[in-house]
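Structural characterization, general
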Amino acid sequence: MALLIVFYAGISAGGPTAAASESTSNHKRLAIIIDDVGNDMKGTAEILAMPVKLTVAVMPFLPTTKKDAMAAHEKGMDVIVHMPMEPKKGRPEWLGPGAITSNLTDEEVRSRVEKAIDDVPHAIGMNNHMGSKITSDKRIMSIVLDVCKERGLFFVDSRTNFRSVVGELAISKNMPPVGNDIFLDDQNSKQHIRKQLDLAAQRAIDKDICVVIGHVGHSGMNTSAVIRESVSRLKNQVQFVGIGDLVRDVWQWQSAPTLPTDNK
């Protein structure tokens, strides 16, 4: 499930001119996805006020779902649905409403995904919230991806399970096999988040692109603070882009919905 295999054309090593430096940095792209938006969690306002383009993953059916999605869109950020999915471990109450669980019928899975898409304004994609059990379930993930494709959305595998089938299914359906490379805040300290963000920037420099995931909530204030302080430090090395930019440029994927969606 190689995320970056399609885009290794690279940049030729040019002379040490400012133009060459700028050109190189513009092709070293970092897409930061911020999960768990939609419930007025800590760090949300700070993320929405960021001076660079981020991707905001908004959970459906929560008190600030629509407000946060519309605010992110108005600021030029990408919006995706943060779809609750059953994990192998974890508290059920962490899932949130409308979750995809392994006991659902095909029709129930389809219905829940459709309703979630319709509940998040301006969504151009989807990723999984938790979901270590569901992302390894071919029956369910096939339905999820089918609905996403019908509605013109791509799917980003958060990679909470190394046995995920999302990438191979996406390829089989002619969808982009997008996946998370690094979690920024799996440990809630500025030092750790800063180290992870530096790793992500280096990966973008080495591989041309990198996709990372951070969160609002428990780690939200630290995550937002580190991203903000790192923007000026990293802006000459990498370009901060939305996940939709990578999907279009790296995989040349264009949204082609065959069913209507109400999320505009």
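So, a few notes on the structure that sits alongside this text. (Residues numbered from 1 in each chain as written. Predicted model: local features only at pLDDT ≥ 70, side-chain atom pairs only at ≥ 80, totals over all residues. Heavy atoms only, no water.)

1. Focus on the pairing of strand 4 (residues 123-130)
Counting buried residues in strand 4 gives seven out of eight residues, a clear majority hidden from the surface. Bridge count for strand 3 (residues 78-85) against strand 4 is seven bridges, and the pairing is parallel. Bridge assignment links Met 83 to a residue of strand 4, and that residue is Asn 128. Looking at chain direction, strand 4 and strand 5 (residues 154-157) are connected through three bridges and run parallel. Residue pairing in the sheet places Asn 127 in a bridge with Val 156 of strand 5. With respect to chirality, the unit in which strand 4 leads through helix 5 (residues 138-150) into the neighbouring parallel strand 5 is right-handed. (Buried < 20%, exposed > 50% of the residue type's maximum accessible area, 1.4 Å probe, protein only. Helix = DSSP H or I, 4+ residues; strand = E, 2+ residues; numbered from the N terminus. Pairing = 2+ DSSP bridges. Right-handed = clockwise from strand over helix to strand, strands pointing away.)

2. Topic: helix 5
In this model helix 5 runs 18 Å from its N-terminal to its C-terminal C-alpha over 13 residues, within 8% of the 18 Å that 1.5 Å per residue would give. The set of residues buried in helix 5 consists of Ile 140, Met 141, Ile 143, Val 144, Leu 145, Val 147, Cys 148 and Glu 150. Contact partners of the buried residues in helix 5: strand 3, helix 4 (106-119), strand 4, strand 5 and helix 6 (166-172). After helix 5 finishes, the residue Gly 152 shows a positive phi value of roughly 80°. (Expected span 1.5 Å × (residues − 1). Contact = heavy atoms within 4.5 Å.)

3. Focus on the pairing of strand 1 (residues 29-37)
With respect to burial, strand 1 is a largely interior element, nine of its nine residues being buried. As judged from the seven bridges shared by strand 1 and strand 8 (residues 209-215), these two strands associate in the parallel manner. Pairing of Ile 33 across the sheet is with Ile 213, part of strand 8. Inspection of the sheet shows strand 1 paired to strand 9 (residues 239-241) by three bridges, in the parallel sense. Each residue of the ladder has a partner; that of Ala 31, found in strand 9, is Val 241. Bridge analysis of strand 1 against strand 2 (residues 55-58) gives three bridges, and the strand direction is parallel.

4. Let's talk about the environment of Ile 243
Considering the arrangement of structural elements, one finds Ile 243 in helix 9 (residues 243-250). When its relative accessible area of 0% is taken as the criterion, Ile 243 is described as buried. Along the backbone, Ile 243 and Gly 125 are 118 residues apart, and their C-alpha atoms lie at a distance of 8.7 Å. Among all residues touching Ile 243, those that are not within four sequence positions of it are Ala 31, Ile 33, Thr 55, Asp 78, Ile 80, Phe 154, Val 156, Val 178 and Val 211.

5. Comments concerning the side chain of Thr 64
With respect to the secondary-structure elements, Thr 64 resides in the loop between strand 2 and helix 3 (65-74). Assessed through its relative accessible area of 9%, Thr 64 is described here as buried. Here Asp 68 takes part through its side chain, which lies 2.8 Å from a polar atom of the side chain of Thr 64. Not counting residues within four places of it along the chain, the set of residues in contact with Thr 64 comprises Gly 38, Asn 39 and Asp 40. (Polar contact = N/O pair within 3.5 Å; in protein donor to acceptor, adjacent residues only side chain to side chain.)

6. Quick notes on the packing of aromatic side chains
For the structure shown, the criterion picks out one aromatic pair. With a centroid separation of 6.1 Å and an interplanar angle of 90°, the aromatic rings of Phe 154 and Trp 253 are classed as edge-to-face. Here Trp 253 lies in the segment after helix 9 and Phe 154 lies in strand 5, a separation of 99 residues in the sequence. Owing to a relative accessible area of 12%, Trp 253 belongs among the buried residues under this scheme. (Phe/Tyr/Trp six-rings, centres within 6.5 Å; stacked < 30°, edge-to-face > 60°.)

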